[in-house]
Amino acid sequence: MSNDSQCRVCGGAVREFFDFGRQPLSDAFLLPNADQSAEFFFRLATGICGDCTMVQLMEEVPRDRMFHDEYPYYSSGSAYMRTHFEELAKRLLATELTGDDPFVVEVGCNDGVMLGALADAGIRHLGVEPSGSVADVAAAKGIKVRKSFFELSTAEDILRTEGKAAVIYAANTLCHIPYIGSILSGVAALLEPTGVFVFEDPYLGDIVARTSFDQIYDEHFFFFTARSVQAMAARNGLELVDVERIPVHGGEVRYTLALAGARQPTAAVADLLAEEKADKLDDIATLRRFGEKVLATKHELAALLSGLAADGKRVVGYGATAKSATVTNFVGIGPELLPFVCDSTPAKQNRLTPGTHIPVQPPQAFSDPYPDYALLFAWNHADEIMAKEQAFRESGGKWILYVPDVRIV
Ligand code: SAH
Ligand code: TMP
Ligand code: ZN
């Protein structure tokens, strides 16, 4: 079956290369007594645009279903990510924010993990964040937050009240936004002539190289490359002037856009474009091979878990990530294989995972008593979690990973 759709960047034809089937909203954790027949599902499938090469979902979930007052992802939940954002804030202070009273806008500021550091430094700022749950946490820290979706009309409004921005920043947010033309025209209107739009998101090159298929879920609509971002920028009066590979969340790229002609692109842009060309990241055959590896991982993980269950081993999940919705629903992992998943986020605890209805428990449940194996859904936080849970391994426990392949460590 091949379903075409229209590219959300350029209107070209998008050809499908993988179908995960019926999937729930990745962050819709159910109350135990919820009406399960009301759960929302959609077809999660990916394709590539034959014109601009943007990889994207074939079907879009309405934004209000995903980002609302009960959105349960709090960015400050990882110490490693807190440091990552503080370091970026320091770098911006030393480079882009040295002018007279610079203004910074963050799109998707969440609980203020990045803007907090700029606010502390006295920088004039505004976070734009539609999810009330996390926006309220940012506001309570003294950060200025506008509780709405960022789009062209928001940008025009901010321009009227605050003036132009030296820096517009978005982490793990731009890839969430199908109506991206509105975002980029808003950015182009709001930027100072020498200002920059910096954004970082999961990198298609890393997803393909490491078969990290769980980066694909409702909220991740686009999977960027330097090439697709360059084309997208050019359509909106912007230009890709720098790229930087960063190790967070399993491999991301931090892109810097400027108004077209305002800055000289760095050599890093040409280097990454050349690497993508050599790796044939724009070729649907490469993406179909990725799909074959995804199926192999699915069968291996299913076989491992059912084998362990047959041997009487106790396995639990670690990290009720949004990513894990794709893994559990696609592989077919329910409470009979994983009696619970533990997670440090209070808003997820004592609820059920979307679609597969595995109970979510606080981290204290992990050691009570330790299981034989833990399936690490938060594999992008492996160092932090394994260090914190050293006693698990000392008790004889083993971790199960599935990126880049299924293995026990
Ligand atoms: N920047 C944080 C949060 C990423 S989660 C981090 O890197 O950890 C994505 C965030 O984008 C959510 O908080 C969501 O509410 C927000 N978001 C989604 N659509 C948005 C839009 N159009 N404008 C602003 N924020 C948006
Ligand atoms: P993420 O991979 O999308 O950042 O989500 C990480 C999830 O894992 C989030 O729900 C918080 C949870 N988590 C823990 O339970 N313990 C931890 O030590 C860390 C870092 C995250
Ligand atoms: Zn396109």
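Residues numbered from 1 in each chain as written. Chains lettered and ligands numbered in written order. Predicted model: local features only at pLDDT ≥ 70, side-chain atom pairs only at ≥ 80, totals over all residues. Heavy atoms only, no water.

Caption draft 1: Here's a closer look at the site of ligand 2. In the vicinity of ligand 2, 18 residues are found, and the nearest of them are Lys 323, Asp 343, Lys 348, His 381 and Lys 388. One nitrogen or oxygen atom from the side chain of Tyr 73 is found 2.8 Å from an oxygen atom belonging to ligand 2. One of the side-chain N or O atoms of Lys 388 is found 2.4 Å from an oxygen atom in ligand 2. Across the complex, the protein chains shield 94% of the 490 Å² of accessible surface that ligand 2 would expose by itself. Considering each element in turn, the shell around ligand 2 owes the most residues, three residues, to helix H12 (residues 382-388). (Near = heavy atom within 4 Å. Polar contact = N/O pair within 3.5 Å; in protein donor to acceptor, adjacent residues only side chain to side chain. Areas by Shrake-Rupley, 256 points an atom, 1.4 Å probe, with all protein chains shown as cover. Helix = DSSP H or I, 4+ residues; strand = E, 2+ residues; numbered from the N terminus.)

Caption draft 2: Representation of the site of ligand 1. Around ligand 1, the structure places 21 residues, and the nearest of them are Ser 75, Glu 129, Ser 131, Phe 150 and Asn 172. Here a nitrogen atom of ligand 1 sits 2.9 Å away from a polar atom, N or O, in the main chain of Gly 108. Between ligand 1 and Glu 129 there is a distance of 2.5 Å, counted from an oxygen atom to a side-chain nitrogen or oxygen. Per-class residue counts for the shell around ligand 1 are 12 nonpolar, seven polar and two charged. (Nonpolar A, V, L, I, M, F, W, Y, C, P; charged D, E, K, R; others polar.)

Caption draft 3: Up close: the coordination of the zinc ion (ligand 3). Surrounding the zinc ion (ligand 3) are the protein donor atoms Cys 7 (SG), Cys 10 (SG), Cys 49 (SG) and Cys 52 (SG), at 2.3 Å. For the zinc ion (ligand 3), the four donor atoms are set out with angles of 100 to 115° between them, so the coordination reads as tetrahedral. When the donors of the zinc ion (ligand 3) are listed by position in the chain, the intervening gaps give C-x2-C-x38-C-x2-C. Assigned by exposure class, Cys 49 and Cys 52 land together as buried. (Donors = N, O, S within 2.8 Å, 3.2 Å for Na, K, Ca; no water. Tetrahedral: all angles 85-135°; square planar, octahedral: opposite > 155°, others 65-115°. Buried < 20%, exposed > 50% of the residue type's maximum accessible area, 1.4 Å probe, protein only.)

Caption draft 4: Highlighting the sheet that holds strand E7 (residues 145-146). With respect to topology, seven strands assemble into an open sheet ordered E7-E6-E5-E8-E9-E12-E11, the strand pairing being mixed. Here the strands that pair on one side only, and so sit at the sheet edges, are E7 and strand E11 (238-246). With respect to the sheet, helix H6 (residues 180-190) is in contact with strand E5 (103-107), strand E8 (165-171), strand E9 (191-202), E11 and strand E12 (252-259), its orientation differing from that of E9 by roughly 145°. (Pairing = 2+ DSSP bridges. Contact = heavy atoms within 4.5 Å. Axes fitted to C-alpha atoms, helices over the stretch in contact; angles between N-to-C directions.)

Caption draft 5: Up close: the side chain of Asn 172. Tracing the backbone through its elements, the reader meets Asn 172 in the loop between E8 and H6. Classification of Asn 172 by relative accessible area gives buried; the value is 18%. Setting aside its immediate chain neighbours within four residues, Asn 172 contacts Phe 85, Glu 200, Asp 201, Pro 202, His 249 and Glu 252.

Caption draft 6: Broad picture of the sheet that holds strand E18 (residues 407-408). On the basis of which strands lie adjacent, the open sheet formed by six strands has the order E15-E14-E13-E16-E17-E18 and mixed pairing. Since the sheet does not close on itself, it has two edges, and those belong to strand E15 (360-361) and E18, each with one partner. In the packing of helix H10 (residues 284-310) onto the sheet, contacts are made with strand E13 (315-318), strand E16 (373-376), strand E17 (398-401) and E18, and the angle to E17 comes to roughly 150°.

Caption draft 7: Structural context of the pattern of salt bridges. Per the stated rule, a full pass over the model turns up 20 salt bridges. As a salt-bridge pair, Glu 59 and Arg 43 come within 3.7 Å of each other at their nearest N and O atoms. Here Arg 43 lies in strand E3 (residues 41-49) and Glu 59 lies in the loop between strand E4 (55-57) and helix H1 (63-66), a separation of 16 residues in the sequence. Exposure remark for Glu 59: the relative accessible area of 32% places this residue in the partly exposed category. (Salt bridge = Lys/Arg side-chain N within 4 Å of Asp/Glu carboxyl O.)

Caption draft 8: Region of interest: helix H4 (residues 132-140). Of the residues making up H4, those classed as buried are Gly 132, Ser 133, Val 134, Ala 135 and Ala 138. Those residues of H4 that are buried are in contact with E7. Positioned one or two residues after H4, Gly 142 has a phi angle of 90°, which is positive.

Caption draft 9: Representation of unusual backbone geometry. For the peptide bond that leads from Asp 368 to Pro 369, omega is -10°, which places it in the cis range. Inspection of the secondary structure assignment puts Pro 369 in the loop between E15 and E16. Looking along the chain, the bond that leaves Val 403 and enters Pro 404 is cis, with omega of 5°. For Pro 404, the location among the structural elements is in the loop between E17 and E18. The backbone phi angle of His 249 is positive, close to 50°, even though this residue is not glycine. Summarising the element assignment, His 249 is placed in the loop between E11 and E12. Judged by its relative accessible area of 11%, His 249 is buried. Positive phi, normally seen in glycine, also occurs at Asn 350, with a value near 60°. Position of Asn 350 relative to the elements: it lies in the loop between strand E14 (341-342) and E15.

Caption draft 10: Here's a closer look at the state of the cysteines. Scanning the entire structure with this criterion turns up zero disulfides. For Cys 109, which is in no disulfide, the shortest distance to another cysteine sulfur is to Cys 175 and amounts to 16 Å. A residue is classified by how much of its surface remains accessible, and Cys 109, at 1% relative accessible area, is buried. (Disulfide = S-S within 2.5 Å.)

Caption draft 11: Just the packing of aromatic side chains, in detail. Counted according to the given criterion, the structure contains 21 aromatic pairs. With centroids separated by 5.5 Å and ring planes inclined at 65°, the aromatic side chains of Phe 67 and Tyr 71 adopt a geometry described as edge-to-face. The exposure class of Tyr 71 is buried, given its relative accessible area of 7%. Three or more aromatic residues link up through ring pairs in this structure, and these residues are Phe 18, Phe 20, Phe 213, Phe 330, Phe 377 and Tyr 402. Over the ring of Phe 149 we find Arg 63, and its NZ or CZ is 4.0 Å from the ring centre. (Phe/Tyr/Trp six-rings, centres within 6.5 Å; stacked < 30°, edge-to-face > 60°. Lys NZ or Arg CZ within 6 Å of the ring centre and 35° of its normal.)

Coordinates in, geometry out; function isn't part of it.
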